[in-house]
Amino acid sequence: MTARLSAAPPPSVRVRAPGKVNLALRVGPVGSDGYHPLATIFQAVSLFEEVTATQSAPGSGISLTVSGPQADAVPTDETNLAWRAAALLAERTGLPADVGLHITKGVPVAGGMAGGSADAAAALLACDTLWDAGLPRQELVELAAELGADVPFSLLGHTAVGTGRGDLLTPAMTRGEFHWCFGTQREGLSTPSVFRRFDELAGPSTPHVAPAADDTELMHALRAGDAVALGKALHNDLTAPALDLRPELAAVLEVATESGALGVVVSGSGPTVAALGRSRQHALALGAAWTAADVVDAVWCATGPAPGTQLVTSVSR
């Protein structure tokens, strides 16, 4: 009796990319192009998105599936940043865009932690590897910037200063490890709506951003690995508009502060709130305080800085 040979699995590549927290986010007046100049300090954290890219039949195009927490809130069509990343890479390289993408969620959805940007960064690296396109890292970064302001940082990871729209990056020196707890809400906040409210609240008096002058203490704290000093220096210009749109976030900030957080800040455009703990155990205790007070829908603990987008596995022909 002849044993039946099983078909070899199609080539696939699995890549992971980190979420982020904005340690500082300073926003300038909206320009004629409709964008706000930003000065921000990103830190990647150990919450990861994973994207698996699998070669599909010629002419089949792009397909996308999602699993993990809040997967039902993620689009699975061409509006998804991972889909757009695969399409952009195929367009630039002249390669056929025949790929099945699967996203495994590990970063809160619509929470100001760049989960969608992480998907785009992971899809770029996964498809570049799967298709053997061989684009230099800098070209991937340039493509990433076309997809969104946070996507280049998802590729880089660790800690970096971002200027322009947040996409012009300079790596920042850090020492040690920082322990974070993130309180998330079931209902997200639209980034454009937060920026619109920022403009309405600030009016014509919005100052121009000056990260070197404004965040000196924060940079010193990172270089020294001083969590206490870092907590005192956390800053986000989008806190006021986020609280104006979602007043209940004030209770999240208050509970963390009363529970001894070294610092508390709205992450990005919100509604996620980031609390800095003294240790891993303290970060867990901050999450327990939020849960007991019933002011968040979910709690996520992580450390930073975390590495940028990385290849996890690759199955070739």
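For the protein chain, the name recorded in an unreviewed UniProt entry is 4-diphosphocytidyl-2-C-methyl-D-erythritol kinase, with Promicromonospora vindobonensis as its organism. Within the UniProt record for the protein chain, the comment given under Pathway (unreviewed entry) is "Isoprenoid biosynthesis; isopentenyl diphosphate biosynthesis via DXP pathway; isopentenyl diphosphate from 1-deoxy-D-xylulose 5-phosphate: step 3/6." Check the Catalytic activity (unreviewed entry) section of the UniProt entry for the protein chain; it says "4-CDP-2-C-methyl-D-erythritol + ATP = 4-CDP-2-C-methyl-D-erythritol 2-phosphate + ADP + H(+)".

S.K.: Tell me about the overall build of the protein chain, and please be specific about residues and values.
M.R.: Broken down by element type, the protein chain carries 11 helices and 12 strands. The C-alpha radius of gyration computed for the protein chain amounts to 20 Å, which stays within 12% of the reference 20 Å derived for 317 residues, consistent with globular compactness. The principal-axis extent of the C-alpha atoms belonging to the protein chain is close to 70 × 50 × 35 Å. Counted over contacts in the protein chain with a minimum sequence separation of 6, partners at least 24 positions apart contribute 78%.

S.K.: So what about the UniProt feature "domain: GHMP kinase N-terminal" (unreviewed entry) in the protein chain? Which residues, and what values?
M.R.: Taking the UniProt record as the reference, the feature "domain: GHMP kinase N-terminal" (unreviewed entry) is found at residues 80–157. Annotated as 59% helix and 8% strand, the span residues 80–157 places its first and last C-alpha atoms 21 Å apart.

S.K.: Describe in detail the UniProt feature "binding site: ATP" (unreviewed entry) in the protein chain, supporting the description with residues and values.
M.R.: Mapped onto this structure's residue numbering, the UniProt feature "binding site: ATP" (unreviewed entry) falls at Pro108, Val109, Ala110, Gly111, Gly112, Met113, Ala114, Gly115, Gly116, Ser117 and Ala118. Put simply, the named residues that line the largest pocket are Pro108, Val109, Ala110, Gly111, Gly112, Met113, Ala114, Gly115, Gly116 and Ser117. Mapping Ala114 onto the fold places it in the loop between strand S4 (99–104) and helix H2 (115–130). Exposure remark for Ala114: the relative accessible area of 12% places this residue in the buried category. Among all residues touching Ala114, those that are not within four sequence positions of it are Lys20, Asp150 and Ser154.

S.K.: An account of the packing of H2 against helix H3 (residues 137–147) is needed here, citing residue identities and associated values.
M.R.: Running from N to C, H2 and H3 point in directions that differ by 140 degrees, and their axes come no closer than 10 Å. Taken together, H2 and H3 sit at an angle that is classed as oblique. The two elements H2 and H3 meet at a crossing, and its hand is right-handed. Of the residues in H3, those in contact with Ala120, Leu124, Leu125 and Asp128 of H2 are Arg137, Leu140, Leu143, Ala144 and Leu147. Class assignment for the residues of the contact of H2 with H3 results in 7 nonpolar, no polar and 2 charged.

S.K.: Could you give an account of unusual backbone geometry, with specific residues and numbers?
M.R.: Note that the residue after Gly270, namely Pro271, is joined by a cis bond; omega there is 5 degrees. Along the chain, Pro271 falls in the loop between strand S9 (263–266) and strand S10 (273–277). For the peptide bond that leads from Gly304 to Pro305, omega is 0 degrees, which places it in the cis range. Among the secondary structure elements, Pro305 is positioned in the loop between strand S11 (298–304) and strand S12 (310–315). For Ala114, which is not glycine, the phi torsion reads 65 degrees and is therefore positive. If you check the backbone angles, Asp132 has positive phi at about 55 degrees while not being a glycine. Locating Asp132 in the fold gives a position in the loop between H2 and H3. Judged by relative accessible area, Asp132 falls into the exposed class, the value being 68%.

S.K.: How would you summarise the side chain of His36 if you had to cite specific residues and measurements?
M.R.: The residue His36 is located in the loop between strand S1 (12–27) and strand S2 (38–55) in this model. Here Asp199 takes part through its side chain, which lies 2.7 Å from a polar atom of the side chain of His36. Residues within four places of His36 in sequence aside, it is in contact with Val27, Gly28, Pro29, Val30, Gly164, Arg165, Phe195, Phe198 and Asp199.

Cut-offs used in this document
Residues numbered from 1 in each chain as written. Predicted model: local features only at pLDDT ≥ 70, side-chain atom pairs only at ≥ 80, totals over all residues. Heavy atoms only, no water. UniProt positions renumbered as here; feature names shortened; annotations may be inferred. Helix = DSSP H or I, 4+ residues; strand = E, 2+ residues; numbered from the N terminus. Rg over C-alpha atoms; globule rule 2.2 N^0.38 Å. Contact = heavy atoms within 4.5 Å. 1 Å grid on protein atoms, 1.4 Å probe; cavity = no way out; pocket = protein on both sides within 12 Å on 5 of 7 lines; lining within 4 Å. Buried < 20%, exposed > 50% of the residue type's maximum accessible area, 1.4 Å probe, protein only. Axes fitted to C-alpha atoms, helices over the stretch in contact; angles between N-to-C directions. Parallel < 35°, antiparallel > 145°, perpendicular 65-115°, else oblique. Left-handed = near helix turned anticlockwise from the far one by under 90°. Nonpolar A, V, L, I, M, F, W, Y, C, P; charged D, E, K, R; others polar. Polar contact = N/O pair within 3.5 Å; in protein donor to acceptor, adjacent residues only side chain to side chain.

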